[in-house]
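So the chains spell out like this:
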Amino acid sequence: MSQQNRIDGGQIDRTATLNFQFNERWMTAHPGDTLASALLANNVRLVGRSFKYHRPRGIFSAGSEEPNALVQLRKGAALEPNTRATTIEMFDGLYATSQNHRGSLERDILAVNDLLSPFLSAGFYYKTFMWPRAFWEKLYEPIIRAAAGLGRLSGQEDPDCYDKGFLHCDVLIIGAGAAGLAAALAAGRAGLKVILADEDFRMGGRLNAETFEVDGKDSASWALAALAELSAMANVRLMRRTTVYGAFDHGVYGALERMTDHLPDSGGKPRQVLWRIYSKRAILAGGATERSMAFGNNDRPGVMLAGAVRTYVNRFGVAPGRNVAVFTNNDDGLRTADDLRAKGINVTRVIDARKGDVVVNTTGRKGLHTVFLNGDRHVEADCLAVSGGWSPNVHLTCHHRGRPTWREDIAGFVPGGELPPGMAVAGAAAGTMTLAATLSQAHETAASIAADLGYSGATGAPPKADDETFATAPFWHVKESKHRAWVDLQNDVTTKDVTQSHREGFRSVEHLKRYTTLGMATDQGKTSNMLGLAVMADASGKTIPETGTTIFRPPYTPVPLGALAGRARGKNFRPTRLTPSHTWAAENGASFVETGAWMRAEWYARPGETGWRDSVDREVLATRQSVGICDVSTLGKIDIQGRDAAEFLNKVYANAFLKLPVGKVRYGLMLREDGTVYDDGTTARLGETHFVMTTTTANAVLVFRNLEFARQCLWPDLDVHLISTTDAWAQFSVAGPNSRALMQEIVDDLDLSNEAFPFMACTDCTVFGGTPARLFRISFSGELAYEIAVPARYGDAMIRAVMSVGKAFDLAPYGTEALGVMRIEKGHVAGNELNGQTDARMIGLQGMVSRKKDFIGAALLDRPEQVREDGLQLVGLRPVVTDVILTAGAHFLSPGDPEDMTHDQGWMTSVAYSPELGHSIGLGFLKRGAARHGENLRAYSPIRGQDIMVKVCSPHHLDPEGVRQRG
Amino acid sequence: MIINHPLLGPRDAAEFVYLGDANLINRPEGLGDNAEDAMYDHVYLRDNPAGIHRELWYHEQGDRSWLVVTRNTLTHEVTSVELARDVARSMGRSR
Amino acid sequence: MADFSLKAAPVLGGLDLSIGQCKLVERTDIALISAAVPLDGRTAFEARLKTEWNLDTPSPATSTRAGPMRAIPMTADQMMLAFEPGPTLTEASVHAALDSDAYTTTQTDAWVILELSGAGATTALERICPVDLDAEAFPVNGAARTTMEHLGVLIVRLGTDCFLLLSARSSAQSFLHAVEISCDWTAP
């Protein structure tokens, strides 16, 4: 029979029927159901197996606190383990399976663990798997890993997409139950910008689950009317299916909105959105969570929280049992009996702990059958509704390390100490356990926030209700019970584990938690922490507040990693920057390399070339023999202007800049304040008050930041202004003996002779009949070379035009690899050498460093390490046997010395194959290296297994006098 | 975290880059007899208080202002945000 | 002299898209020139803006507009002039007009300019823009520099449902992807 437990009433849409599958069995449900309510309606009581003992488990709660009814939702790549059946909104075609069993759910072979339970108590792992030591990795760990965990991952890439977002409000109201709705009404009416968020798909909280009256209406109808009023307010945003999972600094809250989880198909839209909510104020109206009591076999399917029983009966129109017993320590639990009877459900007995009646045991193989009481009594029941009182949901109040305080009258922790700034708490979350008091407290809280924020609109009258009775007597643990009594259902922690933890000395709450794993499961102990504390307090003879409570941290409920990643997956992990010639390069055989966010051409393969070395060697030779072109737009470019621009540069560069003439470029060496080389580049003077600085590609952002620091914080009264122009220019290096002839074809009406436009000259000009450009005569390759820059919008046209003109010179485009080879041949330092430990002496530039001015780095040029006699100096290296390929990272040893740090002479920083020299070459740092040219050393690389002889030489492997670049 | 920018109002800390102790503004002269010792202290020695701390933040994804933010390192409470340029001038820095 | 004249190419090819309730257009008709105010030169600079274009100096969070010229705040002492060049108003004429009263730099090529408009524009931006775009907090002409999907962005509100988004030219494709996805994922 279908939905045999369905009863009248409830907030489900009976006009529509949904079909769903659980463990391959088709069943029906209605819109408005959760998977849990639908399973109960279809009389499915066994839904999973417990974590450690593989005990049969059923549905325990009706909300996000659920410890038992965890299922795997969907299948294939979309499979999601450990989802709570109590929060899964029903949709047509829903597919779920139970988890944590081997074999069928009914006949789980790992249920044998339950028989072994005497050996599997707290600390079992720590004690058992210690010996023999060698068994851990090979035997114990694989077995434990295979048995551990609850659900299984699909092992496939997550097929869904996730997004993030940003929201702003005057007041964020967390929870849309009685308190949240009352607060939202008051705040919304007053005109505040309100966000009302609730984890449920139906707002109203307990109003939907109880049979209260508010303003003369039944509570669920009042909630609907309140939501209708709120929906009509433009200043109120209702966020259903949204869990506020964390309270962060300065009014920032994290929230997870489930966008398409309740739909059969996401339609390509994000499954979930992770919101960052900026709030001026927040009201936590998160309610309270009911807790159980510890008695024998209290984990059996059919044992359920009393509040959940009322939820299923009142909200979902489902009878969780036909013969229900109630076990309670408070008045709230008694209402369960009334609500059940009102629906015609048989209540077999109300067991009130305050009257001395307790449950000592339950039986029923895969679901509750009989409840045993003290005094040798028993009663038949297929459902036992248990209420051990309610714990205010204080979690978010503790996210800034606030500690909750104990209130004896409600036997619960309430928000205490310092709350996160801007947060107020109302309703059950604040320990206000009755309806009328909750409504008025929430209303007042919102009204006072409105007044604080300067809103004078009328808040309206607070909703009216009667206060129900609330009398609770703390009662936690049926000690006369001889059977195992569960504290934490999800992690299978029993009262015996807690008392054992105490006996073995793990008595602080934090130790208890780690030793027994109490509260460490996916539910973070929402229904179990209080009970565990109470049992520990009892064992140690202390009060609960003396025993303490653990710290709550975000997230309140689990947040999928996919949501935290958002869009940052695959190639969208970070932005990509493209050079102006990128499209052309891709069309011409370039392969690209990531340098920071940039994609740069590393070489241009031509047909017939069998490997990258073929391409790179050809590009180097073509450049050195005729002319090559390389896109260097990625170098940082900073426009520096102002009356004091020259003086500013003089302060940030180690070498002199005051007297750089207009129309000239100078190499600039930038140090850190500790004297270490920070960056280098060229700076051109375009006018008296106008410079353009270039930086390395990698440091462009950092140099700009440091220059702003110097400008604003160190010398705030210099008239100097910065703006980045890196992206504004398409800049190409044109290098090689024929570069002048080629450039003469490109630039309009400019004499490029060595006399008219010498090495280190620069000028504004035009190219190809009028396109504005800048021309610099600078060289990184050591060849006669120019850099020509055009506005980026002309970059693509420029490279195509230059390549056409260059045909006559066999112009070859070259990539970063050839660039690297040529700078090593020339002995120019780059990132491998400028690694944050290098000073000017090491790279032979100490003569450039001014001793007459103050600049960043001036004071710490002569620290002992920098002036030591055997300091490291840049050298060139060549293999003694020339067909050997050098290895970067190899260390230098004098022949005959042992391979240890004491005899270490330095290391190889960069290597390349020089096609012009026909062998491998290197650069490196060597102790007293400048004086050791001609010496033979061992280059020893134990990592690569290389030990070869190298000859020390000048770092300028080619053209040491610089004749080519000045020619 | 939110930084209440003196010109722009509250902005997400994600727009900012952190540097450290605002005392970095007090750069000693790089030339002179005592320069090396003074710069050594400046570069390497800084307080790391548990409590009120004046520190430098840079609005890199914003208006490129360097700010002096007074923050309680225990609570993250921000009690004052000033333009570093104004602070530097008030400390007598000029050109 | 070879016979080539270089043709300008917009970085996104002059893109023009409709996605859901959003319209997304690459504005290739806007020139950008940054103007830095010389130290102690604010009075002269402000007077110059006024006499040249009757333009008010923008406040830190609001752009100003007069005729074809818009001034967008960039830093405490720098702003961006955005305009549609015409026969008399050119990049050169703006540089020349400001000559001694500001340090100017052509920025047209440094940025990609997207105009996002339509009923879905603010909802789309909720997914990437940390700035509060509520009409009260960010009214028409409001301007802010912020970060979207790790990219620096200058956002200006041109109308209730119309925004100008400037981001670095080299990462234009990544920026377009960020905005496009936001429009698509928030489309009804």
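Notes on the overall build of chain A
Now for step 1: Across its full length, chain A carries 23 helices and 49 strands.
Now for step 2: The globule rule puts the C-alpha radius of gyration for 967 residues at 30 Å, and the 38 Å found for chain A is more than 25% above it.
Now for step 3: Taking the principal axes of its C-alpha atoms as reference, chain A extends roughly 110 × 75 × 55 Å.
Now for step 4: A burial count over chain A gives 61% of its 967 residues as buried.
Now for step 5: The long-range share in chain A, meaning contacts at least 24 apart out of those at least 6 apart in sequence, stands at 66%.

Description of a nonpolar patch on the surface
Now for step 1: A surface patch of nonpolar side chains, about 290 Å² in accessible area, is lined by Val112(A), Leu115(A) and Leu116(A).
Now for step 2: Looking at where Leu115(A) falls in the secondary structure, it is placed in helix α2 (residues 112–115).

Thoughts on the interface of chain C and chain A
Now for step 1: Every contact between the two is made by 48 residues of chain C and, on the other side, 59 residues of chain A.
Now for step 2: Taken together, both faces of the contact between chain C and chain A bury some 4,200 Å²; the carbon and sulfur share is 53%.
Now for step 3: Summed over the shared surface of chain C and chain A, the number is seven salt bridges.
Now for step 4: With its nearest N and O atoms 3.1 Å apart, the salt bridge here joins Asp163(A) to Arg127(C).
Now for step 5: Linking chain C with chain A are 32 residue pairs in polar contact (both at pLDDT 80 or more).

Quick look at the packing of helix α7 (residues 306–315) of chain A against helix α8 (residues 331–342) of chain A
Residues and elements named next belong to chain A.
Now for step 1: The interhelical angle for the contact between α7 and α8, taken along N-to-C directions, is 25°, at an axis separation of 9 Å. Comparing the axis directions of α7 and α8 gives the class roughly parallel. The element α7 and its partner α8 pack so that their crossing is left-handed. Along the contact surface, α7 presents Ala306, Val309, Arg310, Val313 and Asn314, while α8 presents Asp332, Gly333, Arg335, Thr336, Asp339 and Leu340.
Now for step 2: Class assignment of the residues belonging to the contact of α7 with α8 gives a composition of four nonpolar, three polar and four charged.

Brief notes about helix α16 (residues 612–625) of chain A
Now for step 1: Taking 1.5 Å per residue as the helical rise, α16(A) with its 14 residues ought to reach 20 Å, and the 20 Å between its terminal C-alpha atoms agrees with that figure.
Now for step 2: Residues Ser615(A), Val616(A), Asp617(A), Arg618(A), Glu619(A), Val620(A), Ala622(A), Thr623(A) and Arg624(A) constitute the buried set of α16(A).

Observations concerning the sheet that holds strand β18 (residues 323–328) of chain A
Residues and elements named next belong to chain A.
Now for step 1: Within the open sheet, the four strands sit side by side as β17-β23-β18-β19. Their pairing is parallel. Across the chains shown, the open sheet's two edge strands, defined by having one partner strand only, are β17 (303–305) and β19 (346–352). The mean angle between the axes of side-by-side strands here comes to 25°, regardless of whether they run parallel or antiparallel.
Now for step 2: The sheet contact formed by β18 and β19 spans six bridges and is parallel. Paired with Phe327 across the bridge in β19 is Ile351.
Now for step 3: Along the sheet, α7 makes contact with β17 and β23 (383–387), crossing β17 at roughly 85°.
Now for step 4: Running over the sheet, α8 touches β18, β19 and β23 and is turned about 170° from β19.

Considerations on the domain arrangement of chain C
Residues and elements named next belong to chain C.
Now for step 1: Looking at the assigned domains, one finds that chain C contains domain 1 (16–28 + 110–184) and domain 2 (31–109).
Now for step 2: Just the C-alpha atoms count here: the centres of domain 1 and domain 2 sit 23 Å apart.
Now for step 3: Listed per partner, the contact involves 13 residues of domain 1 and 15 residues of domain 2.
Now for step 4: Across the domain 1/domain 2 interface, buried area totals approximately 1,200 Å², and carbon plus sulfur atoms make up 55% of it.
Now for step 5: On the surface where domain 1 and domain 2 come into contact, there are one salt bridge.
Now for step 6: Of the charged contacts, one joins Glu84 and Arg27 as a salt bridge, the two residues approaching to 3.1 Å between their closest N and O atoms.
Now for step 7: At the boundary of domain 1 and domain 2, one finds nine residue pairs in polar contact (both at pLDDT 80 or more).
Now for step 8: Only β8 (111–117), β9 (143–148) and β10 (151–159) provide two or more residues apiece to the side of domain 1 that touches domain 2.

Some words on the interface of chain B and chain C
Now for step 1: The interface of chain B with chain C comprises 10 residues on the first partner and 15 residues on the second.
Now for step 2: Approximately 950 Å² of surface area, both sides summed, lies buried where chain B meets chain C, with 52% of it carried by carbon and sulfur atoms.
Now for step 3: For the pair chain B and chain C, the interface holds one salt bridge.
Now for step 4: The shortest N-O distance in the salt bridge between Arg85(B) and Asp77(C) comes to 3.3 Å.
Now for step 5: In this structure, the connection of chain B to chain C is made through four residue pairs in polar contact (both at pLDDT 80 or more).
Now for step 6: The class makeup of the residues in the side of chain B that touches chain C is two nonpolar, two polar and six charged.

Concerning the side chain of Asn529(A)
Now for step 1: Secondary-structure assignment places Asn529(A) in helix α12 (residues 529–540).
Now for step 2: Discounting residues that sit within four places of it in the chain, Asn529(A) has contacts with Leu518(A), Gly519(A), Gln524(A) and Phe552(A).

Structural notes on a negative patch on the surface
Now for step 1: Taken together, the side chains of Glu213(A), Asp218(A), Asp466(A) and Asp467(A) make up a negatively charged region of the molecular surface.
Now for step 2: Locating Asp466(A) in the fold gives a position in the loop between α9 (435–452) and β28 (486–488).

Brief notes about the sheet that holds strand β3 (residues 17–21) of chain B
Backbone hydrogen bonds are what pair the strands of a sheet, in a parallel or an antiparallel way.
Residues and elements named next belong to chain B.
Now for step 1: Taken in spatial order, the four strands line up as β3-β4-β5-β6 in an open sheet, and their pairing is antiparallel. Where the open sheet ends on each side, the last strands, each with one partner, are β3 and β6 (78–83). Pairs of neighbouring strands in the sheet enclose a mean axial angle of 30°, with direction left out of account.
Now for step 2: Across five bridges, the pairing between strand β5 (residues 66–72) and β6 is antiparallel. Across the sheet, Leu67 pairs through a bridge with Leu83, a residue of β6.

Remarks on the packing of aromatic side chains
Now for step 1: A complete count under the given rule lists 15 aromatic pairs over all chains for this structure.
Now for step 2: Both rings, one in Tyr18(B) and one in Trp57(B), keep their centres 5.1 Å apart while their planes meet at 70°; by these two values the pair is edge-to-face. On the criterion of sequence distance, the pair formed by Tyr18(B) in strand β3 and Trp57(B) in strand β4 (residues 52–58) is long-range, its members being 39 residues apart.
Now for step 3: An aromatic cluster is defined as three or more aromatic residues linked by ring pairs; in this entry it consists of Phe709(A), Tyr58(B) and Trp66(B).
Now for step 4: Directly above the ring of Trp275(A) sits Arg237(A), whose terminal nitrogen or CZ lies 5.5 Å from the centroid.
Now for step 5: Above the face of the Phe201(A) ring, Arg315(A) is positioned so that its terminal group lies 5.2 Å from the ring centre.

Remarks on the pattern of salt bridges
All names here are of chain A.
Now for step 1: Scanning all chains against the criterion turns up 76 salt bridges over all chains.
Now for step 2: Where Asp617 meets Arg613, a salt bridge forms, and the shortest distance between an N and an O atom there is 3.2 Å. Placement of the pair is Asp617 and Arg613 together in helix α16, with a separation of four residues, close to one helical turn.
Now for step 3: Here Arg613 falls in the partly exposed class, since its relative accessible area comes to 29%.
Now for step 4: For the salt bridge of Asp839 with Arg841, the shortest nitrogen-to-oxygen distance reads 3.8 Å.
Now for step 5: Exposure remark for Asp839: the relative accessible area of 7% places this residue in the buried category.
Now for step 6: It is possible to trace a salt-bridge network through shared partners that takes in Arg206, Glu210, Arg310, Asp332 and Arg335.

Criteria and thresholds
- Residues numbered from 1 in each chain as written.
- Chains lettered and ligands numbered in written order.
- Predicted model: local features only at pLDDT ≥ 70, side-chain atom pairs only at ≥ 80, totals over all residues.
- Heavy atoms only, no water.
- Helix = DSSP H or I, 4+ residues; strand = E, 2+ residues; numbered from the N terminus.
- Rg over C-alpha atoms; globule rule 2.2 N^0.38 Å.
- Buried < 20%, exposed > 50% of the residue type's maximum accessible area, 1.4 Å probe, protein only.
- Contact = heavy atoms within 4.5 Å.
- Patch = residues over 30% accessible without salt bridge, like charges linked within 9 Å, V, L, I, M, F, W, Y side chains within 5 Å.
- Areas by Shrake-Rupley, 256 points an atom, 1.4 Å probe, with all protein chains shown as cover.
- Salt bridge = Lys/Arg side-chain N within 4 Å of Asp/Glu carboxyl O.
- Buried area = accessible area lost by both parts, 1.4 Å probe.
- Polar contact = N/O pair within 3.5 Å; in protein donor to acceptor, adjacent residues only side chain to side chain.
- Axes fitted to C-alpha atoms, helices over the stretch in contact; angles between N-to-C directions.
- Parallel < 35°, antiparallel > 145°, perpendicular 65-115°, else oblique.
- Left-handed = near helix turned anticlockwise from the far one by under 90°.
- Nonpolar A, V, L, I, M, F, W, Y, C, P; charged D, E, K, R; others polar.
- Expected span 1.5 Å × (residues − 1).
- Pairing = 2+ DSSP bridges.
- Domains from an automatic or database assignment.
- Lys, Arg positive; Asp, Glu negative; His and termini not counted.
- Charge placed at Lys NZ, Arg CZ, Asp CG, Glu CD.
- Phe/Tyr/Trp six-rings, centres within 6.5 Å; stacked < 30°, edge-to-face > 60°.
- Lys NZ or Arg CZ within 6 Å of the ring centre and 35° of its normal.

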